[in-house]
Amino acid sequence: DAGELGWTLGANLFYSNFDQSAFLDITGFFSGTFLSGIETQSYDAFAALSAPLAEWLKIDGELRYTYEKERFDGGFVSGPNAQFPFQNQQKQSEKFDFLTWRLAATATLSETVSAYATYARGAKAGGFSFFDTDLALVPGIAVDQFNTARTDSYEIGLKASLFDGRLAFNTAAFFNDTDNEQLSAFDFATFTASI
């Protein structure tokens, strides 16, 4: 805290090394083992500030920069029942960086009633599919890759304490707008998985 101002500075480091193998045998279609190793390194720095603009109005602002690197090492190895034995080994890497933020305003309308509004941008880094059945269908094909997902969130609300605190009344309206959301799907008609 610095007088009426509140602030925070910080940084994060994240590391993950995920390995998995999955054997799949579909008679007459394909048979083999899916291997996937995904290494993730993520770094970010952030800042937040809270400040009063008036006795009845306060604002909060937050900003974060993220840099992330992903490496994929894996593929598909045919099993003993495969009609056309082959291996499809892949090594790929990708880098992602993005800004996210949050801006909020809180207004004290009376001793018992306050209103607020927020706007925020969130993100989830892109990457590689850890279970990609196309690797078993097309020799040499690259592993599925997906883009960074982003969400813009908007919210307004009202909070009230009534009858000497015996009743609380809170209401909110919000809207989320998302691009490139990352969902995993499996098609049982074709026995294929995708992001």
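Residues numbered from 1 in each chain as written. Predicted model: local features only at pLDDT ≥ 70, side-chain atom pairs only at ≥ 80, totals over all residues. Heavy atoms only, no water.

## Considerations on the overall build of the chain
Consideration 1: Regarding its fold elements, the chain presents 1 helix and 11 strands.
Consideration 2: Structurally, the chain occupies a C-alpha span of about 75 × 35 × 25 Å along its principal axes.
Consideration 3: Counting only residues that meet the buried cut, the chain has 28% of its 195 residues in that class.
Consideration 4: Pairs at least 24 residues apart make up 62% of the contacts formed inside the chain by residues separated by at least 6 positions.
Consideration 5: Here the chain has roughly 12300 Å² of accessible surface; of this, 56% comes from carbon and sulfur atoms. (Helix = DSSP H or I, 4+ residues; strand = E, 2+ residues; numbered from the N terminus. Buried < 20%, exposed > 50% of the residue type's maximum accessible area, 1.4 Å probe, protein only. Contact = heavy atoms within 4.5 Å. Areas by Shrake-Rupley, 256 points an atom, 1.4 Å probe, with all protein chains shown as cover.)

## Re the nonpolar core
Consideration 1: Residues I26, F30, F34, I38, F72, F76, F86, F128, L135, A136 and V143 constitute the largest nonpolar core, which totals 11 residues.
Consideration 2: Looking at this core, the elements with two or more residues in it are strand 2 (30–54), strand 3 (57–78) and helix 1 (134–137).
Consideration 3: Tallying contributions element by element places strand 2 first for this core, with 3 residues.
Consideration 4: Beyond its immediate stretch of four places on either side in the chain, F34 contacts Q20, S21, A22, L24, G75, F76, F131, D132, T133 and A136. (Core = buried A, V, L, I, M, F, W, Y, C linked by side-chain atoms within 4.5 Å.)

## Brief notes about the sheet that holds strand 8 (residues 149–162)
Consideration 1: The 7 strands are arranged 1-2-3-4-5-8-9 in an open sheet whose pairing can be described as antiparallel. Two strands lie at the open edges of the sheet, namely strand 1 (6–26) and strand 9 (167–179), each paired on one side alone. Pairwise comparison of adjacent strand axes, ignoring direction, gives a mean angle of 15° for this sheet.
Consideration 2: The pairing of strand 3 with strand 4 (residues 87–108) spans 21 bridges and is classified as antiparallel. Within strand 4, the position partnered with G61 by the bridge is L103. (Pairing = 2+ DSSP bridges. Axes fitted to C-alpha atoms, helices over the stretch in contact; angles between N-to-C directions.)

## Digging into the packing of aromatic side chains
Consideration 1: On inspection of all chains with the given rule, the structure shows 7 aromatic pairs.
Consideration 2: Connected via pairs of aromatic rings, a cluster forms that spans W101, Y119, Y154 and F175. (Phe/Tyr/Trp six-rings, centres within 6.5 Å; stacked < 30°, edge-to-face > 60°.)

## A short note on the side chain of S42
Consideration 1: With respect to the secondary-structure elements, S42 resides in strand 2.
Consideration 2: By relative accessible area, S42 is classed as buried at 9%.
Consideration 3: If near-sequence neighbours (up to four positions away) are discounted, S42 is found in contact with N12, L13, F14, T66, Y67 and E68.

## A closer look at a nonpolar patch on the surface
Consideration 1: A surface patch of nonpolar side chains, amounting to about 430 Å² of accessible area, comprises L5, W7, L9 and L49.
Consideration 2: Along the chain, the position of W7 falls in strand 1.
Consideration 3: Exposure remark for W7: the relative accessible area of 51% places this residue in the exposed category. (Patch = residues over 30% accessible without salt bridge, like charges linked within 9 Å, V, L, I, M, F, W, Y side chains within 5 Å. Salt bridge = Lys/Arg side-chain N within 4 Å of Asp/Glu carboxyl O.)

## Considerations on the pairing of strand 4
Consideration 1: Where strand 4 and strand 5 (residues 113–124) come together, 8 bridges link them in antiparallel fashion. Across the sheet, residue W101 finds its bridge partner in strand 5, namely R121.
Consideration 2: Between strand 4 and strand 5, which pair antiparallel and follow one another directly, the connecting turn spans 4 residues.

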